[in-house]
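So you can see what is in the structure, the chains are spelled out below.
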Amino acid sequence: MNLDHVFDGSSFRAEQLLFNEPMSRHTTFRVGGPADLIVMPESSEQVIEALRIARENDVPVLVIGNGSNLIVKDNGIRGIVILLGDKFSDVTADGTTITAQAGATLARLAAVARNNALTGLEFASGIPGTVGGGCAMNAGAYGGELSDVLIDATVLLNGEVVTLSKAEMEMSYRSTKPLREGGIVLTARFELKPGDPDTISATMKDLNGRRRDKQPLEFPSAGSTFKRPVGYFAGALIEQAGLKGYSVGGAQVSPKHAGFVINTGNATAEDILSLIRHVQQVILEKDGVTLETEVRIVGE
């Protein structure tokens, strides 16, 4: 798809537009073919502008953060990818309230809280996602979720920019109203409590240490591959089926934690998807349980 001139006359500068860009550079799995065009907005206005341009030119759009919950297929993505990342990542603290743009990482959000002696976001310090994606899926870990501290979020929903309260976000386990209805979280506000910086740092260090001990963080992955099936743990089912360490090409069920599929260095997206399908088939036949992927699969 030739998109060379669709952004002519727009407010975007050349360095905000990446043509024929490998998606492997923008996903934590480090796989994925080229996107026709990646657009990197610097403001909510530019997000809206990019969507308008895409709509007027009848071009498909995908919105991503840091690609931490994403598998992009090997032939890449036709159309425009709107990347909410470093260029859209301001985080500010005012009293006990923190306001963050969608592209800020959750690790940075937690660090700003710690640096301002605010407690409540320690759990988020090791989650490899962004504020936008994290709020859209109500990210959580170690007993905490963003719904615990969210005040409200500014969301592009059904063509309008609206501010949704926590109640209006309808946040549940890995689900929210924007996620279900195709909305885009632009900014979010969080209410925290005063805390001791040393205690906050110690908690973050402890949680991140536990994460490193249990999860294969030394390899590219998209985090936990499968949703938790009702009444079971995906990792336990996979381990009990003898699939720990099972490989397809460069993709492997992590020997460290069977709930993770990892890229051992040269995996293709098809390796990963073939491995996921094999695991799903084995568990369905052995246990009668359907494993649903937690990761989002896009592209062609």
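Coordinates for the structure precede this section.
Note that the structure is predicted; figures quoted are calculated from it, not measured.

### Overview of the sheet that holds strand E1 (residues 17–22)
The four strands lie next to each other as E1-E2-E5-E3, forming an open sheet whose pairing is mixed. Edge positions in the open sheet fall to E1 and strand E3 (61–64), since each of these has one partner strand only. Here the average twist between neighbouring strands, direction ignored, is 30°. Relative to strand E5 (residues 77–83), strand E2 (residues 34–39) runs parallel, the two sharing four bridges. The partner of Ala-35 across the bridge, within E5, is Ile-77. Strands in contact with helix H1 (residues 44–56) are E2, E3 and E5; relative to E5, the strand with the most contacts, it is inclined by about 165°.

### Brief notes about the packing of aromatic side chains
According to the stated counting rule, one finds one aromatic pair in the structure shown. Pairing Phe-7 with Phe-12 gives two aromatic rings, centres 5.2 Å apart and planes at 85°, and the pair type is edge-to-face. The exposure class of Phe-12 is buried, given its relative accessible area of 8%.

### Things to note about the sheet that holds strand E16 (residues 251–253)
Spatial ordering of the open sheet is given by E15-E16-E17, a layout of three strands whose pairing is antiparallel. A strand with exactly one partner marks an edge of an open sheet, and here the two such strands are strand E15 (247–248) and strand E17 (261–263). The sheet contact formed by E15 and E16 spans two bridges and is antiparallel. Bridge pairing in E16 links Val-248 to Ala-251. Most of the contacts of helix H8 (residues 269–287) go to E16, to which it runs at about 30°, and overall it touches E15, E16 and E17.

Reading the values: rules and limits
Residues numbered from 1 in each chain as written. Predicted model: local features only at pLDDT ≥ 70, side-chain atom pairs only at ≥ 80, totals over all residues. Heavy atoms only, no water. Pairing = 2+ DSSP bridges. Helix = DSSP H or I, 4+ residues; strand = E, 2+ residues; numbered from the N terminus. Axes fitted to C-alpha atoms, helices over the stretch in contact; angles between N-to-C directions. Contact = heavy atoms within 4.5 Å. Phe/Tyr/Trp six-rings, centres within 6.5 Å; stacked < 30°, edge-to-face > 60°. Buried < 20%, exposed > 50% of the residue type's maximum accessible area, 1.4 Å probe, protein only.

Everything listed here is a matter of coordinates, which is why it stays silent on function.
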